[in-house]
Amino acid sequence: MDQHLVVFKEVAARKSFSRAAEALHMSQPAVSQYIAALEKELGTRLLERSNMFVELNKAGKIVYQYTLEILRNYEQMQILVSDLKNEPRGELKIGASYTIGEYVLPRLLAELQETYPQIVPEVSIGNTEEIGSKLLNHEIDIGLIEGNYSHQQMSVEQFATDKMYIIVGNRTSFITEEQFSIGDLEKETWIIREEGSGTRKVVEEFFQKHHLSPERILTFGSTQTIKEGVEAGLGISLLSDLTFAKEIQLNRIRKLSVDDTPIQRKFSIIKNHYEFHPKALQVFENLVKHTINIGS
């Protein structure tokens, strides 16, 4: 591997010769020499320097993008050669939307580590849109999301069915009938997830399908906060039954029997068509498909 590109990548990413030197365990003069040699070879300056910062110029931005691609291809080459000789190993970057990441992924990772201890998972949790973007930007190798993420570079494969219920806190003086109509819900305060969330999308589709326009909607950024709000009597919500099993057992939250519920949605695996798929990724994907059997 060309050390000049490795050094250049660190300097460009950290915008500092000293921080790059620290990360690479090199002296700052050595880092400067590598950059000077690369600029001499290419016949142009790549970095604009001042006492306060280091910035890429136009030529530097071009070289930086190709450097990332070259280093990524080199890393992929090493993994593929290793795959021919060894058991699955190495780092696997997994992205998961919140419901899957917090309530499904932990047991998958436990089984993965038990069976393939040489695979090192690195997990990113975000909403569905964030996980899709991370995959497109090569920040993760595989994503597990709620619903679909549509992009021409993506392959999407469903691996499980989830059930979602309208829930209310047990300490509230909510309607006491066994069965509720959709219209009963319009005057209630709804607590929903943020834009880009797979759960938020299901709620919005439910509103649209039944022509619901709740008088008051609160937006929270996490499922845990929503559950606590429901439990406290702040409002009602629509969540996966994976997320509130403990609260049901502790009699803190209850499901409402409402027309057209529970709502079923799909959990999906997303991958980038244009990325190579090392053995570690294939092993994890097979584990997901054969281990998870929610609601089906």
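Here's what I pulled together on the structure shown here. The model shown is predicted, which means the values in this text are computed figures rather than measured ones.

1. With respect to the overall build of the protein
Helix and strand counts for the protein stand at eleven helices and 13 strands. Relative to its length of 296 residues, the protein is extended, with a C-alpha radius of gyration of 25 Å against a globular reference of 19 Å. When the backbone C-alpha atoms are referred to their principal axes, the protein occupies close to 80 × 45 × 35 Å. Burial analysis of the protein (296 residues in total) assigns 43% to the buried set. Considering only contacts in the protein between residues 6 or more positions apart, those separated by 24 or more positions represent 75%. Accessible surface for the protein amounts to roughly 15,800 Å². Of this, 48% is attributable to carbon and sulfur atoms. Here the protein contributes 33 positive and 41 negative side-chain charges, whose respective centroids are spaced 3 Å apart.

2. Describing a nonpolar patch on the surface
A cluster of nonpolar side chains, contributed by Ile62, Tyr66 and Ile70, occupies part of the molecular surface with about 340 Å² of accessible area. Relative to the helices and strands, isoleucine 62 resides in helix α4 (residues 58–85).

3. Considerations on the side chain of threonine 161
By the secondary structure assignment, threonine 161 is in strand β6 (residues 154–169). The exposure class of threonine 161 is buried, given its relative accessible area of 8%. Among the polar contacts made by the side chain of threonine 161, one reaches the side chain of lysine 266 at a distance of 2.9 Å.

4. Side note on the environment of valine 11
In this fold, valine 11 is placed in helix α1 (residues 3–14). Taking the C-alpha atoms as reference, valine 11 lies 8.4 Å from valine 31; in sequence the two are 20 residues apart. The residues contacting valine 11, other than those within four sequence positions of it, are Ser16, Phe17, Ala20, Val31, Ile35, Leu47 and Val54.

5. Some points on the pairing of strand β8 (residues 189–192)
Residues of β8 alternate between two faces, with Thr189 and Ile191 on one and Trp190 and Ile192 on the opposite face, all of them buried. Two elements, β8 and strand β9 (residues 216–219), share four bridges in a ladder whose sense is parallel. Pairing of isoleucine 191 across the sheet is with leucine 218, part of β9. After leaving β8, the chain enters helix α8 (residues 198–209) and then returns to the sheet as β9, a path that is right-handed.

6. Thoughts on the nonpolar core
If you look at the biggest cluster of nonpolar residues, it comprises 22 residues, and the most contacted ones within it are Leu105, Leu144, Phe159 and Phe284. Secondary structure elements with two or more residues in this core: β3 (90–97), α6 (105–115), β5 (142–146), β6, β13 (263–272) and α11 (279–291). If you tally residues by element for this core, the top one is α11, at six residues. Ignoring sequence-local partners within four residues, the contact set of phenylalanine 284 consists of Leu92, Ile94, Leu105, Leu109, Leu112, Ile142 and Leu144.

7. Description of α1
Compared with the 16 Å implied by 1.5 Å per residue over twelve residues, the 17 Å span of α1 between its first and last C-alpha is a close match. Regarding α1, the residues found buried are Leu5, Val7, Phe8, Glu10, Val11 and Ala12. Looking one or two places after α1, you find lysine 15, whose phi comes out positive at around 55°.

8. So, the pattern of salt bridges
What the rule picks out here adds up to 17 salt bridges. Here glutamate 10 makes a salt bridge to lysine 9, at a shortest N to O gap of 3.6 Å. As a salt-bridge pair, aspartate 260 and lysine 209 come within 2.8 Å of each other at their nearest N and O atoms. With aspartate 260 in the loop between β12 (257–258) and β13 and lysine 209 in helix α8, this pair connects stretches of sequence that are 51 residues apart. Bridged by salt links that share partners, the residues Glu157, Lys271, Glu285 and Lys289 form one connected network.

9. Topic: the layout of surface pockets
Roughly 420 Å³ of internal volume is contained in the second largest pocket. In terms of lining, the second largest pocket is formed by 22 residues, of which the most central are Gly147, Gly198, Lys201, Val202 and Glu205. Contributions of two or more residues to the lining of the second largest pocket are made by α7 (128–136), α8 and β13. Of the residues forming the lining of the second largest pocket, the biggest block, seven residues, is contributed by α8. Taken together, the residues of the lining of the second largest pocket sort by class into four nonpolar, nine polar and nine charged.

10. What to know about the packing of α1 against helix α2 (residues 17–24)
Closest axis-to-axis distance for the α1/α2 pair is 8 Å, and the angle between their directions is 130°. For the element pair α1 / α2, the angle class is oblique. As for the relative orientation of α1 and α2, their crossing is right-handed in sense. When α1 is examined against α2, the residues Val6, Val7, Glu10, Val11 and Arg14 are found in contact with a partner set consisting of Phe17, Arg19, Ala20, Ala23 and Leu24. Residue composition of the contact of α1 with α2, by class: seven nonpolar, no polar and three charged.

What counts and how
Residues numbered from 1 in each chain as written. Predicted model: local features only at pLDDT ≥ 70, side-chain atom pairs only at ≥ 80, totals over all residues. Heavy atoms only, no water. Helix = DSSP H or I, 4+ residues; strand = E, 2+ residues; numbered from the N terminus. Rg over C-alpha atoms; globule rule 2.2 N^0.38 Å. Buried < 20%, exposed > 50% of the residue type's maximum accessible area, 1.4 Å probe, protein only. Contact = heavy atoms within 4.5 Å. Areas by Shrake-Rupley, 256 points an atom, 1.4 Å probe, with all protein chains shown as cover. Lys, Arg positive; Asp, Glu negative; His and termini not counted. Charge placed at Lys NZ, Arg CZ, Asp CG, Glu CD. Patch = residues over 30% accessible without salt bridge, like charges linked within 9 Å, V, L, I, M, F, W, Y side chains within 5 Å. Salt bridge = Lys/Arg side-chain N within 4 Å of Asp/Glu carboxyl O. Polar contact = N/O pair within 3.5 Å; in protein donor to acceptor, adjacent residues only side chain to side chain. Pairing = 2+ DSSP bridges. Right-handed = clockwise from strand over helix to strand, strands pointing away. Core = buried A, V, L, I, M, F, W, Y, C linked by side-chain atoms within 4.5 Å. Expected span 1.5 Å × (residues − 1). 1 Å grid on protein atoms, 1.4 Å probe; cavity = no way out; pocket = protein on both sides within 12 Å on 5 of 7 lines; lining within 4 Å. Points joined across faces, edges and corners; volume = space filled by probe spheres on them. Nonpolar A, V, L, I, M, F, W, Y, C, P; charged D, E, K, R; others polar. Axes fitted to C-alpha atoms, helices over the stretch in contact; angles between N-to-C directions. Parallel < 35°, antiparallel > 145°, perpendicular 65-115°, else oblique. Left-handed = near helix turned anticlockwise from the far one by under 90°.

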